[in-house]
Amino acid sequence: EGARFARASAQFPITHYSFQSMFYGRYPTATPLFRRARGLRELTDKNVTLAGLLSQRGLFTGTVPAIAASNLKTGPYEVMATGFDVVQPGRPKTWKSDGKIQTHCASTFFDQAKDRRWHLWLHYMEPHHPYQFHAEHDYGGSPDQRYLSEIARADAEIGKVLSALRDRGLDDRTIIVVNSDHGEAFGEHTTYYHGSTLYEEQLHVPLIVRVPGLPPRVLQRPVENIDIMPTVLDL
């Protein structure tokens, strides 16, 4: 139902810099985390994230990051909780969270929001090392096949969120954005995982934007994660 951007890129192949860029709509060098890490002058408007701007305009904003609560208070991941009215960490004691947590929290958030305008960000960690095998999504046992299994698992959970929207009659007035903060390498350019190169396998990301009333299509023009914030604000 959405527009799929076939040539979308993240700004950085590492989670915290990439999310800062996406949430602020700026290149990494102009985000608070990058400047702080290099001893540069702090930005005076460091709290003006997408969620912060929407909250200031009366929207009820929520986030379910797959990061431990202690890491959201300060440090590289605090942007995941900046500007939101409701913060529900979705990670248990293990490294990777179960996407069912995000899906459950989404349903609860929809009920809390009721008839209010709202903005919700969900962070699914399944497509991330270490790649786990899910029997209901069996693509094989190699690392890249387990990665596909993880993607399928996240996709299934997102499907449940879309069903929850439909069940509450919210789907016809909700903008949906599905994207990623980085890709993964499986031996390309002799690298694995992410955070080591600026090649396509680590920077090329999925991006689908679904807007009620607009037709589905595939777009080949180059776009970037920093384009998401101004696009959502325009819509």
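Structure's up top.
Described in the following lines is the structure provided in the data block. For clarity, every value in this text was computed on a predicted model and none was experimentally measured.

**Considering the sheet that holds strand β6 (residues 176-179)**
The strand order across the open sheet built from four strands is β6-β10-β1-β11, with neighbouring strands paired in mixed fashion. Each of the sheet's edge strands pairs with one partner strand only, and the pair in question is β6 and β11 (217-219). On average, adjacent strands in this sheet sit at an angle of 15° to one another, irrespective of strand direction. When strand β1 (residues 3-5) meets β11, the two strands line up parallel, connected through three bridges. When the bridges of β11 are listed, R4 appears paired with V218.

**Digging into the packing of aromatic side chains**
Throughout the structure, instances matching the rule amount to 13 aromatic pairs. Between the aromatic rings of Y147 and F186, the centroid separation amounts to 5.2 Å while the plane-to-plane angle is 50°, which identifies the pairing as tilted. Linking Y147 in helix α6 (residues 143-167) with F186 in strand β7 (residues 185-186), this pair joins segments that are 39 residues apart in sequence. Residues Y192 and Y193 carry aromatic rings whose centres are separated by 6.5 Å and whose planes lie at 55° to one another, so their mutual orientation is tilted.

**Points about helix α1 (residues 15-24)**
α1 sits mainly inside the fold: 10 of its 10 residues count as buried. Residues T15, H16, Y17, S18, F19, Q20, S21, M22, F23 and Y24 constitute the buried set of α1. Those residues of α1 hidden inside the fold are in contact with α2 (32-37), α3 (50-56), β5 (118-122), β6 and α8 (228-234). G25 sits one or two residues past α1 and shows a positive phi near 70°.

**A short note on the nonpolar core**
Core analysis: the largest hydrophobic core is formed by 29 residues, its most contacted members being F5, F19, M80, W121 and L207. Where this core is concerned, the elements lending two or more residues are β1, α1, α3, β10 (207-210) and α8. Residues within four places of F19 in sequence aside, it is in contact with V79, M80, W121, H123 and D181. Core analysis: the next-biggest nonpolar cluster, separate from the first, contains 16 residues, F60, Y124, A154 and L170 among them.

**What about the pattern of salt bridges?**
Tallied over the full model, the rule gives five salt bridges. Taking the shortest distance from any N to any O, the salt bridge between R210 and E1 comes out at 3.2 Å. Separated by 209 residues along the polypeptide, R210 in strand β10 and E1 in the segment before β1 bring together distant segments of the chain. We classify R210 as buried; its relative accessible area is 12%. Between R153 and E157 there is a salt bridge whose closest N-O contact spans 3.8 Å. Of this pair, R153 and E157 are both found in helix α6, four residues apart, which corresponds to roughly one turn of the helix.

Criteria and thresholds
Residues numbered from 1 in each chain as written. Predicted model: local features only at pLDDT ≥ 70, side-chain atom pairs only at ≥ 80, totals over all residues. Heavy atoms only, no water. Pairing = 2+ DSSP bridges. Helix = DSSP H or I, 4+ residues; strand = E, 2+ residues; numbered from the N terminus. Axes fitted to C-alpha atoms, helices over the stretch in contact; angles between N-to-C directions. Phe/Tyr/Trp six-rings, centres within 6.5 Å; stacked < 30°, edge-to-face > 60°. Buried < 20%, exposed > 50% of the residue type's maximum accessible area, 1.4 Å probe, protein only. Contact = heavy atoms within 4.5 Å. Core = buried A, V, L, I, M, F, W, Y, C linked by side-chain atoms within 4.5 Å. Salt bridge = Lys/Arg side-chain N within 4 Å of Asp/Glu carboxyl O.

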